[in-house]
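Understanding the architecture of this molecule
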Amino acid sequence: MTAHTLQGKTAIVTGSGRGIGKAIALAIHARGGAVVIADQDGETARQTAAELGERARAATVDVSKSSDVHQMIDDTIKTFGGIDILINNAGVDRAVSILDMDEDEWDRVMAINLKSVFLCTKAALPSMIGRGGGSVVSTASIVARQGAMNGGIHYAASKGGIIAFTKTLARQMAEHNIRANAIAPGVVDTDLIREHLPMEMRQKIEAAIPTGRLAQTDEIGSVVAFLVSPEASYINGATIDVNGGFWIG
């Protein structure tokens, strides 16, 4: 992919203060795009935006709240003139059995992981339509394919919902030259994984992956940067598995 594939494009990346979201923002920015680093943790958002420098802005936003989302969209349009790319990446998980899960826990994960995809996408679409097209990429997960092994059932359900949402969005928005795709990463070597995944469990997972290791965040970022680029103009309604062969369907 050429260095300036996304020159002149503006992207919002939710949950991009660190981890996979940050890697996605870095990849888009490296290819010439302007990037809004949107995160509930305003400090990490500002730090990442500062690292990128020119063509990067931070936004402190709770993507499960409509008022926050609309403020983010309005600020992006005022700053950069419009929106071409939306990356729905914000998400949370908690390993808990359905037997121990209460309604508030279910609602919290569904609001951040799935409701946010609806809120952000609906809010961004008018600008994309006005600019003649755009691209939406949402982060699903390998658990949407095979179910969660260690995570929560609500997390798996929310990620499965993202895939269904993406397919329907692709059908509905094609007439406006707006493409919608999803990615389904496997286990990624993020700070959270290193902090919370016991070494014994990590070794078992790595042994089950044909490539023999976890994904690096930049390997996810480059896939997303490709999906939102003109080079992927005929990919629409797809879910791209990025898991080293951990799940092959």
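Residues numbered from 1 in each chain as written. Predicted model: local features only at pLDDT ≥ 70, side-chain atom pairs only at ≥ 80, totals over all residues. Heavy atoms only, no water.

1. A closer look at helix α9 (residues 217-227)
Since the α-helix packs 3.6 residues into each turn, any two residues three or four apart lie on the same face. For clarity, the threshold we go by: Classification of residues uses two cut-offs on accessible area relative to the type maximum, computed with a 1.4 Å probe and protein chains only: under 20% is buried, over 50% is exposed, and between them is partly exposed. Strands are runs of DSSP state E lasting at least two residues, helices are runs of H or I lasting at least four, and both sets are numbered from the N terminus onward. The arc refers to the directions leading from the helix axis to the C-beta atoms. Should any heavy atoms of two residues lie within 4.5 Å, those residues are counted as being in contact.
For α9, the complete set of buried residues consists of I220, G221, V224, A225 and L227. On an axial view of α9, the arc spanned by its buried residues comes to 160 degrees, and they lie on one face. In this fold, the buried residues of α9 make contact with α1 (19-30), β4 (85-88), β5 (134-139), β6 (178-185) and β7 (239-242).

2. Concerning the sheet that holds β6
By definition, the strands of a sheet pair up through backbone hydrogen bonds, in either a parallel or an antiparallel sense. Cut-off, in case you're wondering: Pairing between strands requires that DSSP locate at least two bridges from one strand to the other. Only C-alpha atoms enter the line fits that serve as axes; for helices the fit covers just the stretch in contact. Angles between N-to-C directions range over 0 to 180 degrees.
Read across the sheet, seven strands follow the order β3-β2-β1-β4-β5-β6-β7 without closing on themselves; strand pairing throughout is parallel. Here the strands that pair on one side only, and so sit at the sheet edges, are β3 (56-60) and β7. Neighbouring strand axes in the sheet, compared pairwise and without regard to direction, differ in orientation by 15 degrees on average. With six bridges joining them, β5 and β6 adopt parallel strand pairing. Note that in β6 the partner of V137 across the bridge is N181. In the packing of helix α4 (residues 103-130) onto the sheet, the strands contacted are β1 (10-14), β4, β5 and β6, and the crossing angle to β4 comes to about 175 degrees.

3. Digging into the pattern of salt bridges
Threshold: A carboxyl oxygen of Asp or Glu within 4 Å of a side-chain nitrogen of Lys or Arg is what we treat as a salt bridge.
Tallying each qualifying case throughout the model produces 12 salt bridges. Note that D84 and R131 form a salt bridge whose closest N and O atoms lie 3.0 Å from each other. One end of the pair, D84, is in the loop between α3 (66-80) and β4; the other, R131, is in the loop between α4 and β5, with 47 residues separating them in the sequence. A relative accessible area of 7% means that D84 is categorised as buried. Across the salt bridge formed by E200 and K204, the nearest N and O atoms sit 3.9 Å from each other. With E200 and K204 both in helix α8 (residues 199-208), this residue pair falls four residues apart, about one helical turn. For the pair shown, E200 and K204 are each scored as exposed. A network of salt bridges, in which partner residues are shared, links D189, D191, R194, R202 and E206.

4. Some details on the pairing of β3
Where strand β2 (residues 34-39) meets β3, five bridges bridge the pair, whose relative direction is parallel. What sits directly across from V35, in β3, is A56.

5. Regarding the packing of α3 against α4
What counts is decided by this rule: Orientation categories follow fixed angle ranges, with anything under 35 degrees roughly parallel, anything over 145 roughly antiparallel, 65 to 115 roughly perpendicular, and all other angles oblique. Put simply, a crossing is left-handed when the front helix is turned counterclockwise from the back one by less than a right angle, and right-handed when it is turned clockwise. Charged residues are taken to be Asp, Glu, Lys and Arg, nonpolar residues to be Ala, Val, Leu, Ile, Met, Phe, Trp, Tyr, Cys and Pro, and polar residues to be all remaining types, Gly included.
Relative to each other, α3 and α4 sit at 30 degrees, their axes nearing to 9 Å. Taken together, α3 and α4 sit at an angle that is classed as roughly parallel. Of the two possible hands of crossing, α3 and α4 adopt the one that is right-handed. Only L119, C120, A123, A124 and S127 of α4 make contact with α3, whose side of the interface consists of S66, V69, H70, M72, I73 and I77. Tallied by class, the residues present in the contact of α3 with α4 amount to eight nonpolar, three polar and no charged.

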